[in-house]
Amino acid sequence: MSIVVRDPHRTDRATADAFAAFGVATVHEAQHRTGLLDPALRPVWPGAHIAGTAVTVSVPPGDNWMIHVAVEQCREGDVLVIAPTSPSQAGYFGDLLATAVAARGVRGVVVDAGCRDVADLRRMGFPVWARHICAFGTVKETLGEVNTPIVCAGQRVEPGDVVVADDDGVVVVPRRSAPALLGACRTREEKEAANRARYARGELGLDVNAMRERLARKGLTYTDREPTDDH
């Protein structure tokens, strides 16, 4: 049986929007280096940075019928997250679907498969992160599911989770832990800003991050160049 879950619980809009202030690397590190999707997923055009709530789509290989079904379930602030049930290079998503979801306020798409119409997507300013760029088309024959838990590019994604994506990749934040993680992201950003200022003054990371003692415990030693007869 195939299921479409209507209006699942979403991370509240203010919390999801607040993640847009942070890069994927910051969120990933603040989340104890978890939640990062396979780095093979790349932005189809550079410079995009989004944060929003996941609408999940499970699709058969080479079949994008359920993406059309999912459009109806999207609302302002969502990110469409698409995962085929087995690997596929087919171009599941292009400019027509982008036009449809953009009209509903979707901020971007993450697809663990192919994307096409890249030039049109760039002109539209609609962000997509995909595993492949591929013109090969899909069919509309087999059912899948919408707004059920999926595994996308190696990470479990539940409907309503926060998805953050930029040039560094894509990270997912579980809905229940999102509010607390915001505080950890802010703390990390403040620390990095302070460290950046110290680096700009010429200080070494060895001292800024108190690395010398740990390096010594690991056995790192220094030796001066031995004198020679060379002049």
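Everything numeric here is computed off the predicted structure, so don't read it as measured data. Per chain, residue numbering runs from 1 following the sequence as it is written. Local features are withheld for residues below a pLDDT of 70 in this predicted model, meaning they are given only at 70 or higher, and side-chain atom pairs are given and counted only at 80 or more; totals for whole chains, interfaces and linings count all residues. Side-chain descriptors were evaluated using all non-hydrogen atoms of the structure, hydrogens and water having been removed beforehand.

### A few points about the UniProt feature "binding site: substrate" (unreviewed entry) in the protein chain
Stated precisely, the cut-off is as follows: UniProt positions are given in the numbering used here, feature names are shortened, and annotations may be inferred rather than shown by experiment. The method works on a 1 Å grid over the protein atoms by themselves. A cavity is a set of points holding a 1.4 Å probe that cannot get out, a pocket is an open set with protein on both sides within 12 Å along at least five of seven lines, and residues with an atom within 4 Å of a point line them. By the criteria applied, helices consist of DSSP H or I runs no shorter than four residues and strands consist of E runs no shorter than two, each listed in order from the N terminus. Should any heavy atoms of two residues lie within 4.5 Å, those residues are counted as being in contact. When a residue's accessible area, from a 1.4 Å probe over protein chains only, is under 20% of the maximum for its type it is buried; when over 50% it is exposed; and in between it is partly exposed.
Under the feature "binding site: substrate" (unreviewed entry), the UniProt entry names G94, D95, L96, L97 and R116. The largest pairwise C-alpha distance within this set of annotated residues, which runs over 23 residues, is 10.7 Å, so the set is compact in three dimensions. Considered against the second largest pocket, the annotated residues that line it turn out to be G94, D95, L96, L97 and R116. Among the structural elements, D95 can be located in helix α4 (residues 95-102). Non-local contacts of D95, meaning those with residues more than four positions away in its chain, are made with D117, D120, L121 and M124. Inspection of the secondary structure puts L97 in helix α4. Overall, the relative accessible area of 6% leaves L97 in the buried class.

### Some details on the pairing of strand β11 (residues 169-173)
Note the threshold: Strands are treated as partners if at least two bridges between them are detected by DSSP.
With 5 of 5 residues buried, β11 lies mostly within the body of the structure. Hairpin connection of strand β10 (residues 162-166) to β11: 2 residues between the antiparallel strands.

### Describing α4
We count it as follows: The arc refers to the directions leading from the helix axis to the C-beta atoms.
Buried within α4 are the following residues: L97, A98 and V101. Angularly, the buried residues of α4 cover 105 degrees about the axis, an arc narrow enough to put them on a single face. For α4, the secondary structure elements touched by its buried residues are α3 (65-71), β3 (78-84), β4 (91-93) and α5 (118-124).

### Describing unusual backbone geometry
Here N147, not a glycine, exhibits a phi torsion of approximately 60 degrees, which is positive. Relative to the helices and strands, N147 resides in the loop between β7 (145-146) and β8 (150-152). Using a relative accessible area of 3% as the deciding quantity, one classes N147 as buried. Located in the positive-phi region is A153, a residue other than glycine, with phi close to 50 degrees. Counting through the fold element by element, A153 comes out in the loop between β8 and β9 (155-157).

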